[in-house]
Each structure stands twice: as C-alpha cells, then as structure tokens.
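Structural features, examined
Residues per chain are reported as follows:
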Amino acid sequence: MAINFITIMFFLPLLAINVNAQGPVTYDITKYGAKSGGDISQALMDAWKEACNSTSPSTIVIPGGTWSLSQVKLLGPNKAPIELQVQGTLQANPGQLPNKEGEWITINYVNYFTLSGGGVFDGRGQEAWKQNDCHKNKNCAKLPMNLSFNFVNNSIIRDVTTKDSKNFHVNCISSHNVTFLRFTVSAPGDSPNTDGIHLGRDTMINIKDSIIKTGDDCVSIGDESKEIHIQNVTCGPGHGISVGSLGGYAEEKDVQGIYVTNCTFIGTTNGVRVKTWPSAPATLTVSDLHFEDLIMDNVSSPIIIDQEYCPHNLCKKDRPSSIKITNVRERNVRGTTNTAEAVTFICSGLKPCERGGVGDIDLTYNGNQGPITTKCANVKPKFVGKQNPPVCATTAQSA
C-alpha cells in the first residue's frame, strides 16, 4: 500500500494515543430500533451517544438499503476514535426539517472521526430548488445543507456521496486536519446554491481524488482559511473552485496557503477564481495561492481574479475593494475555453495585486466571438514560459 504525506499526518497521532486500544466496538443502528421505512434519527443518535462514551474505538453501522432520516445533530466530544459507516442510502424529507434553522446532518466537536462506507446522503432537494429566490432576495428562507462539520479535528471523510442537497452539500467550519478522500458530490448544473464543499476558518484541509458535479462552486473557500490542499479533483458541472467571496464583513480574517493542483474542470462557468466585494468593510490579506497543473475542458473564464465581484447588482461599486491579494501563482493551465476572455485579473485600485506569477498558460478558444483575449487592471504579473493567449500584454513585466 502506498504511504503518502496525508496518510502519515492523519494516522500518526491516532496511533500515538491508541497503542494499547482494543479492536473497534460495533454499534449497528438496527440494534437501536432502526427499521426500514421508519425514521432512523433517534436510533442513530442513541448509537452515537453510546459510541462517543466508549473508551475503545467504535464503529456505528448504517447497513445497506434505503433509510429515512429526518434530521440529526451528532455531538462530541468522543473518548476514542469513532467511525460512522454508512453502507446504504439516507434520504431526507423533501419538505422542511423539524428544526428549520438547522442542517440535515450536523457533526460537531469530534476528534479522530471517520465517515465512510460507500453510502449516499440524498437531500432530495428538487422541490426546494424551485422555491429558492436567494439570488434576488436577501431575506430568503433558509434551506438546510446535507452535511455540516464544525470543530472537527484529525478526521477523514471518504468513499461516500452527497446528492441533491437543498443548499450547500458540505459546510466545514473551524476544523483542523480534515481530509475528504474519494468524495463525490452529485447535483444538476442548474441546482441553485448547491456548493459542493464550503470551507471557512479551517486549517490543513485536504480534498483529494474526488468528483464534484453541482450547480454552484465545486469548492468555495471562506475567510481565515489556511493550508487548503485540493488535488486531483474533477469539477463540473459547477462554478469552479473559488476563494471567496470575501469582504462582506469587517471581522473577516486573512486567507493564506491555498493549493489547487492536478484538477480538471469540465464545462464549468469558471475555472479557478478569487472574488472580493467592492465597497466592503473588510481589510484582510489573501496570499500564497497556487493554481497549478490544471486542465480546462470547454470552461467559461478559466482564470479569474475579480475584485469587483457584485452578483445580481447586490452591492455598490463607489469604492474599490480594501482586500490585498498577493503572491498568486498560475502555472501549467491548459485546455479549451468557450469565452473569448480567457484570463481576467481585475485587482483593486486601492490595493493592487502584487508578486503575481504566470507560467505556461495554453488555452484555446472554441467559439466565434472574436479572438481570444485577457483583461487586466491594477496588476503587473511576472511571466515564466509560454503564454497563450498573451496575458496582460500591455501591463505585464517579463521575468
């Protein structure tokens, strides 16, 4: 078996605290009253509570088959490593949840947690999408996410699928050293607000060997995120992989160390994107972004820095963004675009982008709306290798 850095980092502390631990104890939800055709929420919470109190490693099993789950909040702390093994398909109620302000499945305050089993989390969001007017109504009704992870540390989510969430598929907030491995997101390209994985206030998050098909960002990265590694992910349909949007709240904190490598984008409305609001109160810094070895397959706007991000005209543009973007590297980005404007660097007039590097861009326009172009403002990137099309030709500095 191949041993890589992520594997070592995840299992080393686990082994250190469990050298003398016994084998895992299994908690099958059918032993706690779960029956096919009925709501398994209480059975799952009862099994979880017992497993959390176990001083030996534990595995909660949801067997194969289709199970109805109304809503659960699974809380730590756990006393030993804990695994939730979902072998079947969990189905949400297509209507409102019992707690309208909560998510469908919430997992909080756990350490050394594993979610696995090859199962499916089916949010059954089709009816909710029809009622979603958040693109034009700031006071729109809250819709639940499929999976919400908060204050989760040293954990792995692997070999499971989230499908047709009513809102974001996954929210991972205030967590450390979490890996999403062979993780699948599945929703139609026109499903609104169905971000695949949203991160915020996290450190050392790995998303690897995964497939994300959805109606919004495949991965969105919020403020106070550091050391985020996205590797070998296939994105599309969707809106690409985004840092932001940032700047809407004064208390937002810096973003640093974002690595998007060896990823493929298929028919997405964006490739890799950084977006910040103009006329916004935040003054954070976004630094050390690395977008490398990327394939674009019929993508609109493969590379974007947009510091005038203002969807649906929900903001003013009377003042430039106060967010500083520095040390952004784009290298070996190749493939096809269906928009003539292939690369966009629109940086802040107040705080221009600095220390940017562009290397070996090779994009071909497959449309008929004129020649392929780039658009740049308040940026002077340094070049390495070939640029097709020429990037920021009137403002660039050669390396």
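Numbering of residues begins from 1 in every chain and follows the order in which that chain's sequence is written. It should be noted that, the model being predicted, local features are given only for residues of pLDDT at least 70 and side-chain atom pairs only at 80 or more, the latter also being counted only at that level, while totals for whole chains, interfaces and linings use all residues. With hydrogens and water set aside, each side-chain value is computed from the structure's full complement of heavy atoms.

**Section: the state of the cysteines**
- Two cysteine sulfur atoms form a disulfide, by the criterion used here, when they sit within 2.5 Å. Within this structure, the stated rule accounts for 3 disulfides.
- A disulfide bridge connects Cys218 with Cys235, and the sulfur atoms are separated by 2.1 Å. Judged by the torsion about the S-S bond (85°), the Cys218/Cys235 disulfide is right-handed. Of this pair, Cys218 sits in the loop between β16 (203–213) and β17 (219–221) while Cys235 sits in strand β18 (residues 226–235), and the two are 17 residues apart along the sequence.
- Cys347 shares a disulfide with Cys353; S-S distance 1.9 Å. Disulfide Cys347-Cys353: the torsion about the S-S bond is -95°, which places it as left-handed.
- Relative accessibility under 20% of the residue-type maximum defines a buried residue, over 50% an exposed one, and the middle range a partly exposed one, all with a 1.4 Å probe and only protein chains included. Its relative accessible area of 2% is what places Cys347 among the buried residues.
- Owing to a relative accessible area of 12%, Cys353 belongs among the buried residues under this scheme.
- Unpaired in terms of disulfides, Cys172 finds its nearest cysteine sulfur in Cys218, a separation of 17 Å. The helix count covers DSSP runs of H or I at least four residues long, the strand count covers runs of E at least two residues long, and both are numbered beginning at the N terminus.

**A short note on the environment of Glu224**
- Considering the arrangement of structural elements, one finds Glu224 in the loop between β17 and β18.
- Separated by 61 residues in sequence, Glu224 and Thr285 have C-alpha atoms that sit 9.9 Å apart.
- Residues contacting Glu224, with those up to four places away along its chain left out, are Arg201, Asp202, Lys253, Asp254 and Val255. Contacts are assigned to residue pairs with any non-hydrogen atoms lying within 4.5 Å of each other.

**Side note on the packing of aromatic side chains**
- Aromatic pairs are defined between Phe, Tyr and Trp rings, using the six-membered ring for Trp, whenever the two ring centres lie within 6.5 Å; interplanar angles under 30 degrees are classed as stacked, those over 60 as edge-to-face, and all others as tilted. Under the defined criterion, the tally for this structure stands at 5 aromatic pairs.
- With centroids separated by 4.8 Å and ring planes inclined at 0°, the aromatic side chains of Tyr109 and Phe151 adopt a geometry described as stacked. With Tyr109 in strand β7 (residues 105–111) and Phe151 in strand β10 (residues 147–158), this pair connects stretches of sequence that are 42 residues apart.

**Re the UniProt feature "active site" (unreviewed entry) in the protein**
- UniProt positions are given in the numbering used here, feature names are shortened, and annotations may be inferred rather than shown by experiment. Here, the residues flagged by UniProt with the feature "active site" (unreviewed entry) are His239.
- On the secondary structure map, His239 appears in the loop between β18 and β19 (241–246).
- Its relative accessible area of 25% is what places His239 among the partly exposed residues.
- Those residues within four positions of His239 in sequence are excluded, and the remaining contacts are Gly215, Asp216, Asp217, Thr269, Asn270 and Arg273.

**Considerations on helix α2 (residues 41–52)**
- For a helix, the expected span equals 1.5 Å multiplied by the residue count minus one. Taking 1.5 Å per residue, 12 residues should reach 16 Å; α2 reaches 16 Å between its end C-alpha atoms and fits that length.
- Against the buried residues of α2 lie β1 (25–28), β2 (58–62), β4 (72–75), β5 (82–86), β7 and β8 (113–116).

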